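Letter by letter, the chains look like this.
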Amino acid sequence: MSKSTSTHSQEERDTKEARLEHPSGFLYLTQHESVPILIDALFDLPPGREVTQTELAEHTGVTRQTVSNYIDLLLEVEIVEEVPNTSPQRYQVANSDVVQELFELNSALNAVPE
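Residues numbered from 1 in each chain as written. Predicted model: local features only at pLDDT ≥ 70, side-chain atom pairs only at ≥ 80, totals over all residues. Heavy atoms only, no water.

A. Quick peek at the nonpolar core. One finds Val35, Leu38, Ile39, Val67, Leu74, Ile79 and Val80 to be the most contacted residues of the largest nonpolar core, which totals 20 residues. Those elements giving two or more residues to this core turn out to be helix H3 (34–44), helix H4 (53–60) and helix H5 (64–76). A total of five residues in this core trace back to one element, the largest contributor, which is H5. Contacts of Ile39, omitting those with residues within four sequence positions, involve Leu29, Leu74, Ile79 and Leu102. (Core = buried A, V, L, I, M, F, W, Y, C linked by side-chain atoms within 4.5 Å. Buried < 20%, exposed > 50% of the residue type's maximum accessible area, 1.4 Å probe, protein only. Helix = DSSP H or I, 4+ residues; strand = E, 2+ residues; numbered from the N terminus. Contact = heavy atoms within 4.5 Å.)

Structure follows, in structure tokens:
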């Protein structure tokens, strides 16, 4: 292997590591394999629909443990919000700029011809 190829590969690894250490909002959100699946399933919920973690797991096809692992992330980035005074805790799609932008991105991607 030539020195330039080796140096180039090292630079690529360094760049990738730097991105992972300081992710953009998009990378931060999607760095976990199950998060895009959860978000995709949330697109299917009717507006205002409330779900428990168990119901969200059933709706997405992931385990309840997976939902539990990522619910705080979804709350942090304002994709879901807690429904107050519910037990067990219920969640709904948040009324946020992030959700609006995700819906618009999803619509734009779905409109691209195959």
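B. Local environment of the layout of surface pockets. By volume, the largest pocket amounts to about 180 Å³. In this structure, the largest pocket is lined by Phe26, Leu29, Thr30, Pro36, Ile39, Asp40, Phe43, Leu102, Leu105, Asn106 and Leu109. For the lining of the largest pocket, the secondary structure elements donating two or more residues are helix H2 (25–30), H3 and helix H6 (97–111). A breakdown of the residues in the lining of the largest pocket according to their chemical character gives eight nonpolar, two polar and one charged. (1 Å grid on protein atoms, 1.4 Å probe; cavity = no way out; pocket = protein on both sides within 12 Å on 5 of 7 lines; lining within 4 Å. Points joined across faces, edges and corners; volume = space filled by probe spheres on them. Nonpolar A, V, L, I, M, F, W, Y, C, P; charged D, E, K, R; others polar.)

C. Structural context of the environment of Leu102. Take Leu102: it is sitting in helix H6. Discounting residues that sit within four places of it in the chain, Leu102 has contacts with Ile39, Phe43 and Ile79.

D. Geometry of empty space enclosed by the protein. Scanning all chains against the criterion turns up one cavity of 30 Å³ or more. Counted as a void, the largest cavity has a volume near 50 Å³. Contributing to the lining of the largest cavity are Ile39, Leu42, Phe43, Ile79, Val93, Val99, Leu102 and Phe103. At the level of secondary structure, the elements contributing two or more residues to the lining of the largest cavity comprise H3 and H6. Residues of the lining of the largest cavity, tallied by class, amount to eight nonpolar, no polar and no charged.

E. Representation of H4. Regarding H4, the residues found buried are Gln53, Leu56, Ala57 and Thr60. Looking straight down H4, one finds its buried side chains confined to an arc of 100°; they lie on one side. Looking at the buried residues of H4, the elements they touch are H3, H5 and strand S2 (90–93). After H4 finishes, the residue Gly61 shows a positive phi value of roughly 85°. (Arc of directions from axis to C-beta.)

F. Layout of the environment of Glu82. Relative to the elements of secondary structure, Glu82 occurs in strand S1 (residues 80–83). When sequence neighbours within four positions are dropped, the list of residues in contact with Glu82 reads Leu75, Gln89, Arg90 and Tyr91.

G. Structural detail: a nonpolar patch on the surface. A surface patch of nonpolar side chains, about 330 Å² in accessible area, is lined by Phe26, Leu105 and Leu109. Following the sequence through the fold, Leu109 ends up in helix H6. A relative accessible area of 55% places Leu109 in the exposed class. (Patch = residues over 30% accessible without salt bridge, like charges linked within 9 Å, V, L, I, M, F, W, Y side chains within 5 Å. Areas by Shrake-Rupley, 256 points an atom, 1.4 Å probe, with all protein chains shown as cover. Salt bridge = Lys/Arg side-chain N within 4 Å of Asp/Glu carboxyl O.)

All quantities given are derived from atomic positions and should not be read as evidence of function.
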